[in-house]
Amino acid sequence: MEDIKSAIIEKAKEFLETRKNSDYLTEILDDLDNYQSTYEAILALEMIFSESLKNRSMLTTGDSTNNAPSEHVSWLRDQYETTWNKLLNLMYDKTNGEQAALTLFKLLEHEGKFPLVPPQKGVYYFPLDKLEIILKQYFNTKITQGALNQLDEFTNYIDVVYYLWLLVPSILTKIKKLDEPLKAKILDILKEVPIPSEEELQDYDPEVLLCVTKNKTKFKPKYAAIQESIHNLWNIIIKWNATSNTHKKVLVLLIENLMVHLSKPILTMDYLMESLNAGGAVSLLALQGVFTLVKDHNLEYPNIYGKLYSFFHPSIFYTKYKSRLYVLTNIFLSSTHLPEALVASYMKRFARLCLCAPPQDIIILCAFIGNLLIRHSGLRKMIQHPEGGSVSSDPYLEDELDPMKTKAMESSLWELKTLEQHILPQVSNAVNFINKPLPSVEWDLTPLIEKTYKDVFEKECKKKIQKVSVTFERPDSFVVPKTDYFSNLWNFN
């Protein structure tokens, strides 16, 4: 077997030495279909065509250094196209998919540096047709993780990622059957592809160009072209009939990747408002988008605090995106000029949720309450409100949707008092602030937001517990110690 593999590489070397060994290329292409020799055949083809591109052996003009006959050039280019087609299909192979993708990107790089057709002078050449057919292969549910790893590697090049985003809208319009699994796969792929900012396109390092040539023709990208392409992409995506899972992926892509590059982000308002009423995690993600429009683009949303308040119910603790809600809430409630009735409602809702929340979330909610008490000293009376009611008689209207009408200021934080008896010391310690003077500096929520139950459990396991003596004499059998009083009353022999 090793002899066969080494023979394939040797054939590639001999093919490059003289045209008399042209049949070796055909044999290597046949080896590509043999599963036992596929990997070596891929490497051999990469060697052959990388050198052929460097030597200008496939140019159709008289610029070729070896003045190869046009028949040989035509044949070699046909084999080159055949190689591309075979490698594209191999991207779906679990064993060789990664190497096939790597070789395709390597050939793309060499074709960019040594074009098959002489490029225009002063124009940065990039083989867009080759990048397009590679991307078409990626937009398929059968694509392997190994091939995706290579895409992540090559999207670090500024020219690759620039032209990729220019091509994506046109590629999506050509896909005939776009089912839900394929939509999810495309969204997952696009989520991991960086979008260059205007500054990155202007001040890029030449080292991050994949197809830079020896004459170093300047790459002149236009950020306006990226914006137009992102706008076209968004117009395509919003027309999809998406399931809840796909809907969430669309919102994540919009909020984290696309929105900042849209020339008019305010145009996403209708989509976000519609998503805001969908409920669950979809509404939570939409709220983050609305917050971005409110903060950065002066959108007016009159009842945004009421909408945020409605998200805090027990089911939120079991959603994937709850950490986003904590971050947004911390930002929304950071102002010291908010009405105390509004802040009191949030505090009371947090305290009530502590009674049914997982331990890691109780710790976060308690820190939230402590920070709000520091910001709004007038609400500290809620810690020990003399007329704040109790478990059986609490004036707080839990089912009221308007946080300004819950009567939370008339209530007390008796829920925190009950947590002092919690079985986990971390939880009981989190509410200790109600028995002490509040600090002047707020608690940092950042390390708490990502805390999981596993973190809480591991911390408890690492605690050193003092050993307590339970007997004066180490037993060596089931017989009670001799000094025990009961030995005088019973005989265990």
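Parameters at a glance
- Residues numbered from 1 in each chain as written.
- Predicted model: local features only at pLDDT ≥ 70, side-chain atom pairs only at ≥ 80, totals over all residues.
- Heavy atoms only, no water.
- Helix = DSSP H or I, 4+ residues; strand = E, 2+ residues; numbered from the N terminus.
- Rg over C-alpha atoms; globule rule 2.2 N^0.38 Å.
- Buried < 20%, exposed > 50% of the residue type's maximum accessible area, 1.4 Å probe, protein only.
- Areas by Shrake-Rupley, 256 points an atom, 1.4 Å probe, with all protein chains shown as cover.
- Lys, Arg positive; Asp, Glu negative; His and termini not counted.
- Charge placed at Lys NZ, Arg CZ, Asp CG, Glu CD.
- pLDDT = per-residue confidence, 0-100.
- Contact = heavy atoms within 4.5 Å.
- Axes fitted to C-alpha atoms, helices over the stretch in contact; angles between N-to-C directions.
- Parallel < 35°, antiparallel > 145°, perpendicular 65-115°, else oblique.
- Left-handed = near helix turned anticlockwise from the far one by under 90°.
- 1 Å grid on protein atoms, 1.4 Å probe; cavity = no way out; pocket = protein on both sides within 12 Å on 5 of 7 lines; lining within 4 Å.
- Points joined across faces, edges and corners; volume = space filled by probe spheres on them.
- Nonpolar A, V, L, I, M, F, W, Y, C, P; charged D, E, K, R; others polar.
- Salt bridge = Lys/Arg side-chain N within 4 Å of Asp/Glu carboxyl O.
- Expected span 1.5 Å × (residues − 1).
- Core = buried A, V, L, I, M, F, W, Y, C linked by side-chain atoms within 4.5 Å.
- Phe/Tyr/Trp six-rings, centres within 6.5 Å; stacked < 30°, edge-to-face > 60°.
- Polar contact = N/O pair within 3.5 Å; in protein donor to acceptor, adjacent residues only side chain to side chain.
- Patch = residues over 30% accessible without salt bridge, like charges linked within 9 Å, V, L, I, M, F, W, Y side chains within 5 Å.

Bringing the overall build of the protein chain into the picture now. Secondary structure summary: the protein chain contains 22 helices and zero strands in total. At 33 Å, the protein chain has a C-alpha radius of gyration far larger than the 23 Å of a compact globule built from 493 residues. By residue count, 47% of the 493 residues in the protein chain fall in the buried class. With the model as given, the accessible surface of the protein chain reaches about 26,400 Å², and the carbon-plus-sulfur share is 51%. The centroid of the 55 positive side-chain charges in the protein chain is displaced by 3 Å from the centroid of its 62 negative side-chain charges.

A few words on the confidence of the model for the protein chain. Of the residues in the protein chain, 90% reach a pLDDT of 70 or more, and the chain-wide mean stands at 87. Overall, residues 62-68 carries pLDDT values under 50, and its contacts beyond four positions in sequence, including any with other chains, amount to nine contacts.

Before going further, it helps to examine the packing of helix H5 (residues 97-113) against helix H7 (residues 145-154). Any two packed helices are characterised by how steeply their axes cross, that is the angle between the axes, and by the distance between the axes. The contact between H5 and H7 brings their axes to 7 Å, and the two run at 30°. By the criterion of interaxial angle, the relationship of H5 to H7 is roughly parallel. Once H5 is placed against H7, the crossing between them reads as right-handed. Listed contacts from H7 to Gly 97, Glu 98, Ala 101, Leu 102 and Phe 105 of H5 are Gly 146, Ala 147, Asn 149, Gln 150, Leu 151 and Phe 154.

Once that is clear, we can look at empty space enclosed by the protein. If you walk through the whole model with that rule in mind, you get one cavity of 30 Å³ or more. Looking at the largest cavity, its volume works out to about 30 Å³. Surrounding the largest cavity, Ser 52, Leu 53, Arg 56, Ser 57, Met 58, Leu 59, Phe 114, Pro 115 and Leu 116 form its lining. Grouping the constituent residues of the lining of the largest cavity by class yields six nonpolar, two polar and one charged.

What follows concerns the pattern of salt bridges. A full pass over the atoms with the stated rule returns 21 salt bridges. Notably, a salt bridge pairs Lys 130 with Glu 111, separated by 3.5 Å at the nearest N-O pair. Of this pair, Lys 130 sits in helix H6 (residues 128-138) while Glu 111 sits in helix H5; the two residues are 19 residues apart in sequence, bridging distant segments of the chain. Judged by relative accessible area, Glu 111 falls into the buried class, the value being 2%. Between Lys 183 and Glu 180 there is a salt bridge, with its nearest N and O atoms 3.2 Å apart. One end of the pair is Lys 183 and the other is Glu 180, both in helix H9 (residues 180-192) and three residues apart, which spans about a single turn. Classification of Lys 183 as buried rests on a relative accessible area of 7%. Via salt bridges that share partners, Lys 348, Arg 352, Asp 394, Glu 398 and Glu 415 belong to a single interconnected network.

So, about helix H14 (residues 280-297). Helical geometry: 3.6 residues make up each α-helical turn, so side chains three or four residues apart lie on a common side. Compared with the 26 Å implied by 1.5 Å per residue over 18 residues, the 25 Å span of H14 between its first and last C-alpha is a close match. Immediately downstream of H14, the backbone of Asn 298 shows phi near 60°, a positive value.

Now for the nonpolar core. Tyr 138, Trp 165 and Leu 416 are the most contacted members of the largest nonpolar core, which has 150 residues in total. Among all residues touching Leu 416, those that are not within four sequence positions of it are Ala 351, Cys 366, Ile 369, Val 431, Phe 433 and Ile 434.

Moving on to unusual backbone geometry. We note that Arg 56 has phi near 60°; this positive angle belongs to a residue other than glycine. Its place among the elements puts Arg 56 in the loop between helix H3 (38-54) and helix H4 (70-90). Backbone geometry places Asn 298, a non-glycine residue, at a positive phi of 60°. By the secondary structure assignment, Asn 298 is in the loop between H14 and helix H15 (304-310).

This paragraph deals with the environment of Lys 11. Tracing the chain through its elements places Lys 11 in helix H1 (residues 2-17). With 355 residues separating them along the chain, Lys 11 and Cys 366 place their C-alpha atoms 71 Å apart.

Turning next to the packing of aromatic side chains. Two descriptors summarise a pair of aromatic rings, namely the distance from one centre to the other and the angle between the planes of the rings. In this structure the tally under the stated criterion is 20 aromatic pairs. With 4.5 Å between their ring centres and 10° between their planes, Phe 105 and Phe 154 make a pair best called stacked. Taken together, the residues Phe 105 in helix H5 and Phe 154 in helix H7 connect sequence positions 49 residues apart. By relative accessible area, Phe 105 is classed as buried at 1%.

Residue placement: Asn 96 occurs in the loop between H4 and H5. Once residues lying within four places of it in the same chain are set aside, the contact partners of Asn 96 are Tyr 35, Thr 38, Tyr 39, Ile 42 and Leu 90.

On to the environment of His 313, then. Take His 313: it is sitting in the loop between H15 and helix H16 (322-332). The class for His 313 is partly exposed, based on a relative accessible area of 32%. Sequence separation between His 313 and Arg 349 is 36 residues; the distance between their C-alpha atoms is 8.5 Å. A polar contact is formed between the side chain of His 313 and the side chain of Ser 315, at a distance of 2.4 Å.

Before going further, it helps to spend a moment on a negative patch on the surface. On the surface, Glu 198, Glu 199, Glu 200 and Asp 203 cluster together into a negatively charged patch. Along the polypeptide, Asp 203 turns up in the loop between helix H10 (198-202) and helix H11 (223-237).

Turning to the packing of H3 against H4, a few remarks are in order. Two elements in contact, H3 and H4, have axes whose closest approach is 11 Å; the angle formed by their N-to-C orientations is 140°. As summarised for this structure, H3 and H4 are arranged oblique, according to the angle between their axes. Seen along the crossing, H3 lies across H4 with a hand that is left-handed. Contacts between H3 and H4 involve Thr 38, Ile 42, Leu 45, Phe 49, Ser 52 and Leu 53 from the first element and Leu 76, Gln 79, Tyr 80, Thr 83, Leu 87 and Leu 90 from the second. Among the residues forming the contact of H3 with H4, the class breakdown is eight nonpolar, four polar and no charged.

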